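Residues per chain are reported as follows:
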Amino acid sequence: MVHAGQQVSVEVLDFDVTRGQVQLSLKALQEDPLVQFADRVGEVLSGPVVKVVPFGVFVRVAPGIAGLLHESVLTRRPVMGEMVTVTIAEVDRPRRRVRLELALTR
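On a predicted model such as this, the values are computed, not experimentally measured, just so you know.

## Quick look at the overall build of the chain
Thinking step 1. Looking only at helices and strands, the chain features one helix and seven strands.
Thinking step 2. Along its sequence from the N terminus, the chain presents helices and strands in the succession β-β-α-β-β-β-β-β.
Thinking step 3. Scaling as 2.2 N^0.38, a compact globule of 106 residues should have a C-alpha radius of gyration of about 13 Å, whereas the chain reaches 18 Å, well beyond that.
Thinking step 4. Counting only C-alpha atoms and orienting by the principal axes, one finds that the chain spans roughly 60 × 30 × 25 Å.

## Side note on the sheet that holds strand β4 (residues 56-62)
Thinking step 1. With mixed pairing, the five strands of this closed barrel are ordered in space as β3-β4-β5-β7-β6. Between one strand axis and the next, the sheet turns through 55° on average, direction left out of account.
Thinking step 2. In terms of strand pairing, β4 meets strand β5 (residues 65-70) through six bridges, oriented antiparallel. Across the sheet, residue Gly-56 finds its bridge partner in β5, namely His-70.

## Remarks on the packing of aromatic side chains
Thinking step 1. Applying the stated criterion across every chain, the model contains one aromatic pair.
Thinking step 2. With centroids separated by 6.4 Å and ring planes inclined at 85°, the aromatic side chains of Phe-55 and Phe-58 adopt a geometry described as edge-to-face.
Thinking step 3. In this structure Phe-55 comes out as partly exposed when scored by relative accessible area, which is 39%.

## Structural notes on the nonpolar core
Thinking step 1. Among the nonpolar cores identified, the biggest contains 17 residues, and Phe-37, Val-59, Val-61, Leu-69 and Leu-100 are the most heavily contacted of them.
Thinking step 2. For this core, the secondary structure elements donating two or more residues are α1 (33-37), β3 (44-53), β4, β5, β6 (83-92) and β7 (97-102).
Thinking step 3. What Leu-69 contacts, discounting residues up to four positions off in sequence, is Phe-55, Gly-56, Val-57, Val-59, Leu-74, Val-84, Val-86, Leu-100, Glu-101 and Leu-102.

## A look at the pairing of β3
Thinking step 1. Here β3 runs beside β6; their pairing, made up of five bridges, is antiparallel. Within the sheet, the bridge partner assigned to Gly-47 lies in β6 and is Val-84.
Thinking step 2. Across four bridges, β3 lies against β4 in antiparallel orientation. Directly across from Lys-51, in β4, lies its bridge partner Phe-58.
Thinking step 3. Counting the residues in the hairpin turn of β3 and β4 gives two residues.

## Re the pattern of salt bridges
Thinking step 1. Under the counting rule described, the total for this entry stands at seven salt bridges.
Thinking step 2. One salt bridge in this structure joins Arg-19 and Asp-16, with 3.9 Å as the shortest N-O distance.
Thinking step 3. Accessibility expressed as a relative area gives 58% for Arg-19, which makes it exposed.
Thinking step 4. Asp-92 is the partner of Arg-95 in a salt bridge, and the nearest nitrogen-oxygen pair spans 3.8 Å.
Thinking step 5. Judged by relative accessible area, Arg-95 falls into the exposed class, the value being 54%.
Thinking step 6. The exposure class assigned to Asp-92 is buried, which follows from its relative accessible area of 17%.
Thinking step 7. A single salt-bridge network, built from bridges that share partners, covers Glu-90, Arg-99 and Glu-101.

Procedures and definitions
- Once a new chain begins, its residue numbering starts again from 1 and follows that chain's sequence as written.
- Whole-chain, interface and lining totals are the exception, using all residues; otherwise, since this is a predicted model, local features are given only for residues with pLDDT of at least 70 and side-chain atom pairs are given and counted only at 80 or more.
- With hydrogens and water stripped out, all remaining heavy atoms of the structure feed into the side-chain values.
- By definition, any uninterrupted DSSP run of H or I lasting at least four residues is a helix, any uninterrupted run of E lasting at least two residues is a strand, and each is numbered from the N terminus.
- In this setup the radius of gyration rests on C-alpha atoms only. A globule is expected at 2.2 Å times the number of residues raised to 0.38.
- The pairing criterion is simple: DSSP has to find at least two bridges between the two strands.
- Axis angles are defined between N-to-C directions and span 0 to 180 degrees, where every axis is a line fitted to C-alpha atoms and, for a helix, only to the segment in contact.
- Between 30 and 60 degrees the pair is tilted, below 30 it is stacked and above 60 it is edge-to-face, where a pair is any two Phe, Tyr or Trp rings, Trp via its six-membered ring, whose centres lie within 6.5 Å.
- Exposure categories follow from relative accessible area, calculated using a 1.4 Å probe and restricted to protein chains: below 20% of the type maximum is buried, above 50% is exposed, and the middle band is partly exposed.
- What we call a nonpolar core is a set of buried Ala, Val, Leu, Ile, Met, Phe, Trp, Tyr and Cys residues that are connected through their side-chain atoms within 4.5 Å.
- Contacts are assigned to residue pairs with any non-hydrogen atoms lying within 4.5 Å of each other.
- Salt-bridge detection follows one rule: a side-chain nitrogen of Lys or Arg within 4 Å of a carboxyl oxygen of Asp or Glu.

Below is the structure:
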């Protein structure tokens, strides 16, 4: 991600004087993608299935954001890579979760 000698802006998360270590974060200075995404509840999107788990599938709905399509709303289980049209049902920022539902097709 970074190279020796490269200048970067970081946030100091913690420091340990006895061990001579500093914990830094590049990510802490980037905008949280869920902030903008929280306003999109109810929006219909399409995305690929990126992970299949026993309780449903995760669908990528934006770069860096995958939401859960729970097995209780599935009529059949999509496979990895399959495109699925979903509705954003809920964005839980504190728990960092996006809940999806199948979009109604006409």
